[in-house]
Amino acid sequence: MRVLGIETSCDETGVAVYAGGQGLLAHAVYTQIAIHARYGGVVPELASRDHVRKTLPMIRQVLEEAGLSAGDIDGVAFTAGPGLIGALMVGAAIGRSLAWAWGVPAIGVHHMEGHLLAPLLEDPAPEFPFVALLVSGGHTQLIDVAGIGRYRLLAESLDDAAGEAFDKTAKILDLPYPGGPELARLAETGDPDRFRFPRPMTDRPGLDFSFSGLKTFTVNTLRSELAAGADPVRTRADVARAFEEAVVDTLTIKCRRAVRQTGHRRLVLAGGVSANRRLRRRMDEMMAEEGGQTYYPRPSLCTDNGAMIAYAGWQRLSAGQAEPLAFRPKARWAMETLPPI
Ligand code: KG4
Ligand code: ZN
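Some words on the environment of A228
- As for its position among the elements, A228 is in the loop between α7 (212-227) and α8 (232-262).
- Placed 107 residues apart in sequence, A228 and L121 show a C-alpha to C-alpha distance of 51 Å.

Now the structure itself:
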(Lines give C-alpha, C1' and ligand atoms only; values in the text may rest on other atoms or scores of the structure.)
(Ligands and ions follow the chains in the order given, each with its own letter.)
Protein backbone atom coordinates (compact mmCIF):
# COMPACT_ATOMS: atom_id res chain seq x y z
CA MET A 1 0.00 0.00 0.00
CA ARG A 2 1.37 3.42 -1.01
CA VAL A 3 0.34 6.29 1.25
CA LEU A 4 0.68 10.00 0.60
CA GLY A 5 1.34 11.92 3.83
CA ILE A 6 0.65 15.63 4.37
CA GLU A 7 1.82 17.65 7.39
CA THR A 8 0.63 21.24 7.90
CA SER A 9 0.09 21.57 11.65
CA CYS A 10 2.45 24.51 12.24
CA ASP A 11 5.17 26.26 10.25
CA GLU A 12 6.43 23.45 8.02
CA THR A 13 4.73 21.98 4.97
CA GLY A 14 5.73 18.32 4.75
CA VAL A 15 4.78 15.85 2.02
CA ALA A 16 5.92 12.23 1.59
CA VAL A 17 5.03 8.87 0.10
CA TYR A 18 5.54 5.71 2.16
CA ALA A 19 5.10 2.25 0.69
CA GLY A 20 4.77 -0.99 2.65
CA GLY A 21 7.76 -3.25 2.00
CA GLN A 22 9.67 -0.47 0.25
CA GLY A 23 9.81 2.33 2.82
CA LEU A 24 10.01 6.02 2.11
CA LEU A 25 9.75 6.66 -1.66
CA ALA A 26 10.14 10.45 -1.55
CA HIS A 27 9.71 13.28 0.92
CA ALA A 28 10.01 17.05 1.01
CA VAL A 29 9.78 19.69 3.72
CA TYR A 30 9.31 23.39 3.19
CA THR A 31 9.96 25.55 6.23
CA GLN A 32 8.27 28.92 6.71
CA ILE A 33 11.11 30.31 8.87
CA ALA A 34 11.71 33.24 6.49
CA ILE A 35 8.03 34.27 6.75
CA HIS A 36 7.80 34.24 10.55
CA ALA A 37 11.36 35.28 11.50
CA ARG A 38 10.63 39.03 11.51
CA TYR A 39 7.80 38.47 14.01
CA GLY A 40 9.95 36.35 16.34
CA GLY A 41 7.46 33.46 16.25
CA VAL A 42 4.78 31.74 14.20
CA VAL A 43 1.92 33.97 12.95
CA PRO A 44 -0.97 31.49 12.51
CA GLU A 45 -2.76 33.27 9.66
CA LEU A 46 0.46 33.62 7.65
CA ALA A 47 1.17 29.93 8.28
CA SER A 48 -2.24 28.87 6.91
CA ARG A 49 -1.91 31.02 3.82
CA ASP A 50 1.52 29.65 3.02
CA HIS A 51 0.33 26.05 3.42
CA VAL A 52 -2.37 26.89 0.84
CA ARG A 53 0.35 28.03 -1.56
CA LYS A 54 2.80 25.18 -0.99
CA THR A 55 0.89 21.95 -0.36
CA LEU A 56 -0.38 21.05 -3.86
CA PRO A 57 2.85 21.96 -5.71
CA MET A 58 4.79 19.91 -3.15
CA ILE A 59 2.49 16.92 -3.66
CA ARG A 60 3.16 17.14 -7.41
CA GLN A 61 6.90 17.41 -6.76
CA VAL A 62 7.02 14.42 -4.40
CA LEU A 63 4.95 12.21 -6.70
CA GLU A 64 7.28 13.11 -9.56
CA GLU A 65 10.38 12.36 -7.48
CA ALA A 66 8.92 8.98 -6.53
CA GLY A 67 8.11 8.29 -10.20
CA LEU A 68 4.43 7.93 -9.34
CA SER A 69 1.17 9.32 -10.67
CA ALA A 70 -2.03 9.94 -8.70
CA GLY A 71 -3.38 6.52 -9.68
CA ASP A 72 -0.50 4.81 -7.83
CA ILE A 73 -1.58 6.19 -4.44
CA ASP A 74 -3.66 3.79 -2.32
CA GLY A 75 -4.41 6.08 0.62
CA VAL A 76 -3.93 9.62 1.94
CA ALA A 77 -2.84 10.59 5.45
CA PHE A 78 -2.97 14.14 6.76
CA THR A 79 -2.24 15.67 10.15
CA ALA A 80 -5.63 16.17 11.85
CA GLY A 81 -4.28 17.67 15.10
CA PRO A 82 -3.08 18.88 17.49
CA GLY A 83 -1.79 22.15 16.05
CA LEU A 84 -2.86 25.52 14.66
CA ILE A 85 -6.44 25.02 13.57
CA GLY A 86 -6.23 27.08 10.34
CA ALA A 87 -3.00 25.35 9.31
CA LEU A 88 -4.47 21.92 10.08
CA MET A 89 -7.57 22.70 8.02
CA VAL A 90 -5.48 23.35 4.92
CA GLY A 91 -3.74 19.95 4.93
CA ALA A 92 -6.87 18.12 6.03
CA ALA A 93 -9.08 19.70 3.35
CA ILE A 94 -6.52 19.02 0.62
CA GLY A 95 -5.79 15.49 1.83
CA ARG A 96 -9.41 14.48 2.32
CA SER A 97 -10.46 15.96 -1.03
CA LEU A 98 -7.66 14.27 -2.96
CA ALA A 99 -8.55 10.92 -1.40
CA TRP A 100 -12.19 11.43 -2.39
CA ALA A 101 -11.23 12.42 -5.94
CA TRP A 102 -8.86 9.45 -6.27
CA GLY A 103 -11.35 7.02 -4.72
CA VAL A 104 -8.97 5.90 -1.94
CA PRO A 105 -9.32 5.90 1.87
CA ALA A 106 -8.06 8.78 3.99
CA ILE A 107 -6.88 8.94 7.60
CA GLY A 108 -6.40 11.88 9.97
CA VAL A 109 -3.12 11.36 11.83
CA HIS A 110 -2.31 12.59 15.33
CA HIS A 111 0.77 14.80 14.96
CA MET A 112 2.45 13.46 18.11
CA GLU A 113 1.79 9.85 17.06
CA GLY A 114 3.60 10.78 13.85
CA HIS A 115 6.59 11.99 15.89
CA LEU A 116 6.40 8.93 18.15
CA LEU A 117 6.47 6.48 15.22
CA ALA A 118 9.15 8.32 13.18
CA PRO A 119 11.98 6.23 14.75
CA LEU A 120 10.30 3.15 13.23
CA LEU A 121 11.35 4.49 9.82
CA GLU A 122 14.99 3.88 10.83
CA ASP A 123 17.10 0.74 10.86
CA PRO A 124 17.20 -0.77 13.40
CA ALA A 125 13.64 0.15 14.38
CA PRO A 126 12.70 -0.19 18.05
CA GLU A 127 10.49 -3.12 18.97
CA PHE A 128 7.55 -2.70 21.33
CA PRO A 129 7.29 -2.11 24.22
CA PHE A 130 9.34 1.02 24.83
CA VAL A 131 9.40 4.26 26.76
CA ALA A 132 9.00 7.32 24.51
CA LEU A 133 10.13 10.82 25.32
CA LEU A 134 8.24 13.24 23.08
CA VAL A 135 9.91 16.64 23.10
CA SER A 136 8.59 19.22 20.67
CA GLY A 137 7.65 22.88 20.64
CA GLY A 138 4.21 22.15 22.12
CA HIS A 139 4.64 18.91 24.07
CA THR A 140 6.90 17.24 26.59
CA GLN A 141 5.60 13.79 27.43
CA LEU A 142 6.84 10.45 28.69
CA ILE A 143 4.76 7.62 27.31
CA ASP A 144 4.70 3.89 27.95
CA VAL A 145 4.20 2.46 24.46
CA ALA A 146 2.88 -1.12 24.28
CA GLY A 147 2.05 -0.94 20.55
CA ILE A 148 0.55 1.40 17.98
CA GLY A 149 -2.35 3.20 19.65
CA ARG A 150 -1.52 1.59 22.99
CA TYR A 151 -0.20 4.61 24.84
CA ARG A 152 -0.08 5.24 28.58
CA LEU A 153 0.89 8.78 29.56
CA LEU A 154 3.51 8.56 32.32
CA ALA A 155 4.29 12.26 32.67
CA GLU A 156 4.13 15.62 31.00
CA SER A 157 5.23 19.20 31.48
CA LEU A 158 3.17 21.19 33.95
CA ASP A 159 4.02 24.40 32.10
CA ASP A 160 6.33 25.08 29.12
CA ALA A 161 7.26 22.30 26.71
CA ALA A 162 11.00 21.63 26.36
CA GLY A 163 11.09 23.15 22.86
CA GLU A 164 9.12 26.16 24.07
CA ALA A 165 11.67 26.64 26.87
CA PHE A 166 14.48 26.52 24.30
CA ASP A 167 12.68 29.04 22.08
CA LYS A 168 11.83 31.47 24.90
CA THR A 169 15.33 31.30 26.37
CA ALA A 170 16.79 31.87 22.91
CA LYS A 171 14.72 35.05 22.66
CA ILE A 172 16.08 36.24 26.01
CA LEU A 173 19.56 35.66 24.54
CA ASP A 174 18.62 37.76 21.45
CA LEU A 175 18.85 34.75 19.13
CA PRO A 176 16.68 34.66 16.00
CA TYR A 177 13.60 32.43 15.62
CA PRO A 178 13.50 29.44 15.62
CA GLY A 179 15.50 29.56 18.80
CA GLY A 180 16.13 25.90 19.73
CA PRO A 181 18.78 25.03 17.14
CA GLU A 182 20.34 28.52 17.44
CA LEU A 183 20.67 28.17 21.20
CA ALA A 184 22.18 24.69 20.78
CA ARG A 185 24.76 26.13 18.37
CA LEU A 186 25.69 28.95 20.75
CA ALA A 187 25.90 26.50 23.66
CA GLU A 188 28.68 24.62 21.82
CA THR A 189 30.98 27.57 22.45
CA GLY A 190 29.91 28.03 26.09
CA ASP A 191 31.81 27.09 29.23
CA PRO A 192 29.92 24.30 31.05
CA ASP A 193 31.50 25.16 34.41
CA ARG A 194 30.68 28.87 34.72
CA PHE A 195 27.01 28.59 35.73
CA ARG A 196 24.91 25.80 37.19
CA PHE A 197 21.18 26.08 36.50
CA PRO A 198 18.59 24.13 38.53
CA ARG A 199 17.27 20.73 37.38
CA PRO A 200 13.55 21.40 38.00
CA MET A 201 11.49 18.77 39.84
CA THR A 202 14.31 16.24 40.08
CA ASP A 203 14.71 16.57 43.86
CA ARG A 204 11.42 14.76 44.49
CA PRO A 205 9.98 11.49 43.22
CA GLY A 206 7.81 11.53 40.10
CA LEU A 207 8.24 11.95 36.37
CA ASP A 208 6.52 15.26 35.54
CA PHE A 209 8.44 18.22 34.14
CA SER A 210 8.43 21.98 34.65
CA PHE A 211 10.58 24.23 32.49
CA SER A 212 9.18 27.74 32.94
CA GLY A 213 11.39 28.49 35.97
CA LEU A 214 14.53 28.10 33.85
CA LYS A 215 13.48 31.12 31.81
CA THR A 216 13.39 33.32 34.91
CA PHE A 217 16.71 31.87 36.02
CA THR A 218 18.19 32.81 32.64
CA VAL A 219 16.86 36.38 32.81
CA ASN A 220 18.15 36.88 36.34
CA THR A 221 21.58 35.37 35.64
CA LEU A 222 22.04 37.41 32.49
CA ARG A 223 20.92 40.64 34.14
CA SER A 224 23.14 40.33 37.21
CA GLU A 225 26.20 39.24 35.21
CA LEU A 226 25.87 42.08 32.71
CA ALA A 227 25.26 44.60 35.51
CA ALA A 228 28.49 43.38 37.13
CA GLY A 229 30.34 44.16 33.89
CA ALA A 230 30.74 40.62 32.48
CA ASP A 231 31.62 40.22 28.81
CA PRO A 232 28.21 39.99 27.05
CA VAL A 233 29.29 37.69 24.20
CA ARG A 234 30.97 35.16 26.50
CA THR A 235 28.20 35.39 29.06
CA ARG A 236 25.45 34.66 26.51
CA ALA A 237 27.30 31.58 25.30
CA ASP A 238 27.94 30.37 28.87
CA VAL A 239 24.28 30.94 29.83
CA ALA A 240 23.14 29.04 26.70
CA ARG A 241 25.41 26.16 27.70
CA ALA A 242 24.16 26.14 31.30
CA PHE A 243 20.53 26.20 30.12
CA GLU A 244 21.05 23.35 27.65
CA GLU A 245 22.92 21.29 30.27
CA ALA A 246 20.03 21.80 32.71
CA VAL A 247 17.31 20.76 30.24
CA VAL A 248 19.28 17.77 28.95
CA ASP A 249 20.17 16.64 32.47
CA THR A 250 16.56 16.98 33.68
CA LEU A 251 15.16 15.03 30.73
CA THR A 252 17.81 12.32 31.23
CA ILE A 253 17.08 11.95 34.95
CA LYS A 254 13.34 11.55 34.25
CA CYS A 255 13.92 9.09 31.40
CA ARG A 256 16.14 6.96 33.64
CA ARG A 257 13.36 6.88 36.22
CA ALA A 258 10.74 5.96 33.58
CA VAL A 259 12.92 3.16 32.21
CA ARG A 260 13.44 1.74 35.70
CA GLN A 261 9.78 2.13 36.60
CA THR A 262 8.45 0.37 33.49
CA GLY A 263 11.26 -2.19 33.21
CA HIS A 264 11.51 -1.46 29.47
CA ARG A 265 14.98 -1.60 27.96
CA ARG A 266 14.25 0.61 24.96
CA LEU A 267 13.98 4.39 25.00
CA VAL A 268 12.66 6.27 21.98
CA LEU A 269 13.31 10.01 21.56
CA ALA A 270 11.12 11.96 19.14
CA GLY A 271 9.99 15.50 18.31
CA GLY A 272 12.02 18.57 17.36
CA VAL A 273 14.15 18.73 20.52
CA SER A 274 15.31 15.13 19.95
CA ALA A 275 17.47 16.59 17.16
CA ASN A 276 19.61 18.09 19.94
CA ARG A 277 23.01 16.43 19.86
CA ARG A 278 23.82 16.80 23.53
CA LEU A 279 20.47 15.26 24.44
CA ARG A 280 21.09 12.25 22.18
CA ARG A 281 24.59 11.72 23.52
CA ARG A 282 23.52 11.94 27.17
CA MET A 283 20.57 9.57 26.63
CA ASP A 284 22.84 7.07 24.83
CA GLU A 285 25.21 7.07 27.81
CA MET A 286 22.37 6.74 30.30
CA MET A 287 20.72 3.83 28.46
CA ALA A 288 24.09 2.05 28.13
CA GLU A 289 24.40 2.31 31.93
CA GLU A 290 20.88 0.88 32.26
CA GLY A 291 21.71 -2.00 29.91
CA GLY A 292 19.33 -0.79 27.21
CA GLN A 293 19.30 1.14 23.98
CA THR A 294 18.21 4.53 22.67
CA TYR A 295 16.40 5.06 19.36
CA TYR A 296 15.79 8.32 17.54
CA PRO A 297 15.11 9.41 13.98
CA ARG A 298 17.63 11.10 11.69
CA PRO A 299 17.57 14.87 12.48
CA SER A 300 15.38 15.71 9.45
CA LEU A 301 12.69 13.35 10.77
CA CYS A 302 12.86 14.75 14.34
CA THR A 303 11.36 18.10 13.37
CA ASP A 304 8.01 18.34 11.56
CA ASN A 305 7.86 16.38 8.31
CA GLY A 306 5.48 14.51 6.02
CA ALA A 307 7.28 11.16 6.26
CA MET A 308 6.13 10.52 9.83
CA ILE A 309 2.54 11.30 8.81
CA ALA A 310 2.71 9.02 5.76
CA TYR A 311 4.13 6.24 7.96
CA ALA A 312 1.63 6.58 10.82
CA GLY A 313 -1.17 6.82 8.24
CA TRP A 314 0.12 3.73 6.44
CA GLN A 315 0.04 1.78 9.73
CA ARG A 316 -3.56 2.76 10.42
CA LEU A 317 -4.87 2.49 6.85
CA SER A 318 -3.23 -0.96 6.55
CA ALA A 319 -5.18 -1.97 9.66
CA GLY A 320 -8.42 -0.94 7.94
CA GLN A 321 -8.94 2.34 9.79
CA ALA A 322 -10.18 5.32 7.76
CA GLU A 323 -11.82 8.71 8.09
CA PRO A 324 -15.37 9.49 6.90
CA LEU A 325 -15.83 12.32 4.40
CA ALA A 326 -17.06 14.63 7.17
CA PHE A 327 -14.14 15.10 9.55
CA ARG A 328 -13.06 17.75 11.98
CA PRO A 329 -9.41 18.70 12.60
CA LYS A 330 -8.66 19.13 16.31
CA ALA A 331 -6.45 21.88 17.75
CA ARG A 332 -6.30 19.79 20.95
CA TRP A 333 -6.35 16.02 20.92
CA ALA A 334 -5.18 13.60 23.66
CA MET A 335 -3.04 10.82 22.20
CA GLU A 336 -4.35 8.24 24.69
CA THR A 337 -7.78 8.42 23.03
CA LEU A 338 -6.41 6.93 19.78
CA PRO A 339 -7.65 3.43 18.95
CA PRO A 340 -5.15 0.55 19.04
CA ILE A 341 -4.41 -1.41 15.89
O1 KG4 B 1 8.47 18.77 16.54
P2 KG4 B 1 8.73 20.16 16.10
O3 KG4 B 1 9.41 20.38 14.77
O4 KG4 B 1 7.41 20.99 16.05
C5 KG4 B 1 6.39 20.82 17.02
O6 KG4 B 1 5.63 19.83 16.88
O7 KG4 B 1 6.40 21.64 17.95
O8 KG4 B 1 9.58 20.83 17.27
C9 KG4 B 1 10.02 22.15 17.18
C10 KG4 B 1 10.79 22.47 18.43
C11 KG4 B 1 11.12 23.94 18.53
O12 KG4 B 1 10.80 24.39 19.83
C13 KG4 B 1 12.62 23.97 18.26
O14 KG4 B 1 13.27 25.06 18.86
C15 KG4 B 1 13.06 22.67 18.85
O16 KG4 B 1 12.03 21.76 18.48
N17 KG4 B 1 14.36 22.21 18.32
C18 KG4 B 1 15.49 22.09 19.07
C19 KG4 B 1 16.50 21.66 18.19
N20 KG4 B 1 15.95 21.53 16.94
C21 KG4 B 1 14.64 21.86 17.05
N22 KG4 B 1 15.71 22.31 20.37
C23 KG4 B 1 16.95 22.10 20.83
N24 KG4 B 1 17.98 21.69 20.07
C25 KG4 B 1 17.81 21.46 18.75
N26 KG4 B 1 18.84 21.05 18.00
ZN1 ZN C 1 5.93 18.48 15.66
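Observations regarding the state of the cysteines
- For the structure on display, the rule yields zero disulfides.
- Considering cysteine sulfurs only, C302 is the nearest to C10, which forms no disulfide, with 16 Å between them.
- With a relative accessible area of 23%, C10 lands in the partly exposed category.
- With no disulfide of its own, C255 lies 14 Å from the sulfur of C302, the closest cysteine sulfur.
- Classification of C255 by relative accessible area gives buried; the value is 0%.

Let's talk about the coordination of the zinc ion (ligand 2)
- Around the zinc ion (ligand 2), the donor atoms from the protein are H111 (NE2), H115 (NE2) and D304 (OD), and they sit 2.0 Å away.
- Mapped onto the polypeptide sequence, the residues donating to the zinc ion (ligand 2) form the spacing pattern H-x3-H-x188-D. Here the residue H111 occupies a position in helix α4 (residues 111-117), and D304 occupies one in the loop between β10 (293-295) and α10 (307-318), the gap between them amounting to 193 residues.
- Residue D304 is classed as buried on the basis of its relative accessible area of 14%.

Some words on the sheet that holds strand β7 (residues 140-147)
- The strand order across the open sheet formed by five strands is β8-β7-β6-β9-β10, and the pairing between neighbours is mixed. For this open sheet the edge positions go to β8 (150-156) and β10, each flanked by a neighbour on one side alone. For this sheet, the mean inter-axis angle between neighbouring strands, taken without regard to orientation, is 25°.
- One ladder, built from three bridges, connects strand β9 (residues 266-270) with β10; its direction is parallel. Bridge pairing in β10 links V268 to Y295.
- α8 contacts β6 (130-135), β7, β8 and β9 of the sheet and is inclined by roughly 155° relative to β6.

Quick word on the packing of helix α5 (residues 162-172) against helix α6 (residues 179-187)
- It is the contact of α5 with α6, at a shortest axis distance of 8 Å, that shows an interaxial angle of 65°. Between α5 and α6, the interaxial angle falls into the category roughly perpendicular. Between α5 and α6 the crossing geometry is left-handed. Contact residues: F166, D167, T169 and A170 in α5; G179, G180 and L183 in α6.
- Looking at the contact of α5 with α6, its residues break down into three nonpolar, three polar and one charged.

Section: the layout of surface pockets
- There is about 180 Å³ of room inside the second largest pocket.
- If you go around the second largest pocket, you meet 13 residues; those closest to its centre are I107, G108, E323, K330 and W333.
- In terms of residue class, the lining of the second largest pocket is made up of seven nonpolar, two polar and four charged.

Observations regarding the pattern of salt bridges
- Scanning the model with the defined rule gives 25 salt bridges in all.
- R241 is paired through a salt bridge with E245; the nearest N and O atoms lie 2.9 Å apart. With R241 and E245 both in helix α8 and four residues apart, this pair spans about one turn of that helix.
- Take R241: its relative accessible area is 13%, and that puts it in the buried class.
- The network of salt bridges with common partners includes E188, R199, R241, E244, E245, D249, R278 and R282.

Points about the sheet that holds strand β3 (residues 23-31)
- The five strands lie next to each other as β3-β2-β1-β4-β5, forming an open sheet whose pairing is mixed. The open sheet has two edge strands with one neighbour each: β3 and β5 (106-110). In this sheet, neighbouring strand axes are inclined to one another by 20° on average, regardless of whether the strands run parallel or antiparallel.
- Two strands pair when backbone bridges link them, and strand β2 (residues 12-19) and β3 are joined in this way by eight bridges, in the antiparallel orientation. Bridge pairing in β3 places A16 opposite H27.
- Contacting β1 (2-7), β4 (75-81) and β5, helix α3 (residues 85-102) crosses the sheet at an angle of about 160° to β4.
- Across the sheet, α10 is in contact with β1, β2, β3, β4 and β5; its angle to β1 comes to roughly 130°.

Criteria and thresholds
Residues numbered from 1 in each chain as written. Chains lettered and ligands numbered in written order. Predicted model: local features only at pLDDT ≥ 70, side-chain atom pairs only at ≥ 80, totals over all residues. Heavy atoms only, no water. Helix = DSSP H or I, 4+ residues; strand = E, 2+ residues; numbered from the N terminus. Disulfide = S-S within 2.5 Å. Buried < 20%, exposed > 50% of the residue type's maximum accessible area, 1.4 Å probe, protein only. Donors = N, O, S within 2.8 Å, 3.2 Å for Na, K, Ca; no water. Pairing = 2+ DSSP bridges. Axes fitted to C-alpha atoms, helices over the stretch in contact; angles between N-to-C directions. Contact = heavy atoms within 4.5 Å. Parallel < 35°, antiparallel > 145°, perpendicular 65-115°, else oblique. Left-handed = near helix turned anticlockwise from the far one by under 90°. Nonpolar A, V, L, I, M, F, W, Y, C, P; charged D, E, K, R; others polar. 1 Å grid on protein atoms, 1.4 Å probe; cavity = no way out; pocket = protein on both sides within 12 Å on 5 of 7 lines; lining within 4 Å. Points joined across faces, edges and corners; volume = space filled by probe spheres on them. Salt bridge = Lys/Arg side-chain N within 4 Å of Asp/Glu carboxyl O.

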